[in-house]
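Results of the structural survey
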Amino acid sequence: VQLVESGGALVQPGGSLRLSCIASGSILNIYTVGWYRQAPGKERELVARITGGSVTNYADSVKDRFIISRHYAKKTVYLQMNSLKPEDTAVYYCFAETVGSIQRYWGQGTQVTVSS
C-alpha cells in the first residue's frame, strides 16, 4: 500500500486547508484511515481517523474544527481543517490500517504551517 499526501501549505491563523491522501496498491484489507501529526520536538499524535463503518474519532484539540472524510471510488481520505491555529503547525501524516490493526502504512508527510 502506498499513500501520497498533498495540500500542506503556509496559512494564516483562522484560515482553512484541505489535506488529501491517495492510496494505491493492495488496499482491499484497509479498514481504518486517518491522520497523525508531529510538531517539532513533540511526539506524533493522532488527529483524526475514520473506520470502514464510517466511525470517526478526533483529537480533543481539533474537534469542531477538523473534518475527516473518505471517498472510496477515488481511494482518497481528506482532512478539512478550519479555524487553524499556530499550534496546528506540524507535519501531517496519512495512515492506513488493516482490519484488526494488524498492519499500518504511512505516507511521507505534508507540512502545514499556521503563521501570520
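Residues numbered from 1 in each chain as written. Predicted model: local features only at pLDDT ≥ 70, side-chain atom pairs only at ≥ 80, totals over all residues. Heavy atoms only, no water.

1. Focus on the pairing of strand E9 (residues 90-98)
Just so we agree on the cut-off: Exposed residues in this analysis have more than 50% of their type's maximum accessible area, buried residues have under 20%, and partly exposed residues fall in between, with area computed by a 1.4 Å probe over protein chains only. Runs of E in the DSSP output that reach at least two residues are strands. Runs of H or I that reach at least four are helices, and both are numbered from the N terminus. In this scheme, strands are said to pair when DSSP sees at least two bridges between them.
Counting buried residues along E9, eight of its nine residues qualify, which places the element largely inside the surrounding structure. Here eight bridges tie strand E4 (residues 30-38) to E9, and the two strands are oriented antiparallel to one another. Paired with Tyr36 across the strands is Tyr93, a residue of E9. For E9 and strand E11 (residues 110-114), the ladder comprises three bridges, and the chain directions are antiparallel. Along E11, the bridge assignment pairs Val91 with Gln111. Relative to strand E10 (residues 104-106), E9 runs antiparallel, the two being bridged by three bridges. The residue bridging Phe95 from the neighbouring strand is Trp106, located in E10. Hairpin geometry of E9 and E10 is characterised by an intervening segment of five residues between the two adjacent antiparallel strands and by a positive phi of about 75° at Gly100.

2. Re the sheet that holds strand E1 (residues 2-6)
Going by this rule: Lines fitted to C-alpha atoms define the axes here, with helix axes fitted over just the stretch in contact, and angles between the N-to-C directions of these axes take values from 0 to 180 degrees.
On the basis of which strands lie adjacent, the open sheet formed by four strands has the order E1-E3-E8-E7 and antiparallel pairing. Unpaired on one side and paired on the other, E1 and strand E7 (66-71) mark the two borders of the sheet. When strand polarity is set aside, the average angle formed by the axes of neighbouring strands in this sheet is 15°. Taken together, the six bridges between strand E3 (residues 17-24) and strand E8 (residues 76-81) define a ladder with antiparallel strand orientation. Within E8, the residue paired with Ile22 across the bridge is Thr76.

3. Quick notes on the nonpolar core
Our working rule: As used here, the term nonpolar core means buried Ala, Val, Leu, Ile, Met, Phe, Trp, Tyr and Cys residues forming a set that is joined through side-chain atoms within 4.5 Å. It only takes one pair of heavy atoms within 4.5 Å for two residues to be counted as in contact.
Counting residues in hydrophobic clusters, the biggest one holds 27 residues, and the most contacted among them are Trp35, Val47, Phe66, Leu79, Met81 and Tyr92. Those elements giving two or more residues to this core turn out to be E3, E4, strand E5 (45-50), E7, E8, E9 and E11. In this structure Phe66 touches Arg37, Val47, Tyr58, Leu79, Gln80, Met81, Asn82, Leu84, Asp88 and Tyr92, once residues within four positions along its chain are discounted.

4. Topic: the state of the cysteines
To be explicit about the condition: Note that a disulfide, as used here, is simply two cysteine sulfur atoms within 2.5 Å.
Counting across every chain of the model gives one disulfide. The side chain of Cys21 participates in a disulfide bridge whose partner is Cys94; the two sulfur atoms lie 2.1 Å from each other. Here the disulfide of Cys21 and Cys94 is left-handed, its torsion about the S-S bond being about -80°. With a gap of 73 residues between them, Cys21 in strand E3 and Cys94 in strand E9 connect regions that are remote in the sequence.

5. Some remarks on the pairing of E5
The sheet contact formed by E4 and E5 spans five bridges and is antiparallel. Looking across to E5, one finds that Arg37 is bridged to Glu45. The turn linking E4 back onto E5 is made up of six residues, and Gly41 within it adopts a positive phi angle of 75°. Here E5 runs beside strand E6 (residues 56-58); their pairing, made up of three bridges, is antiparallel. Considered in E6, the bridge of Ala48 is made with Tyr58.

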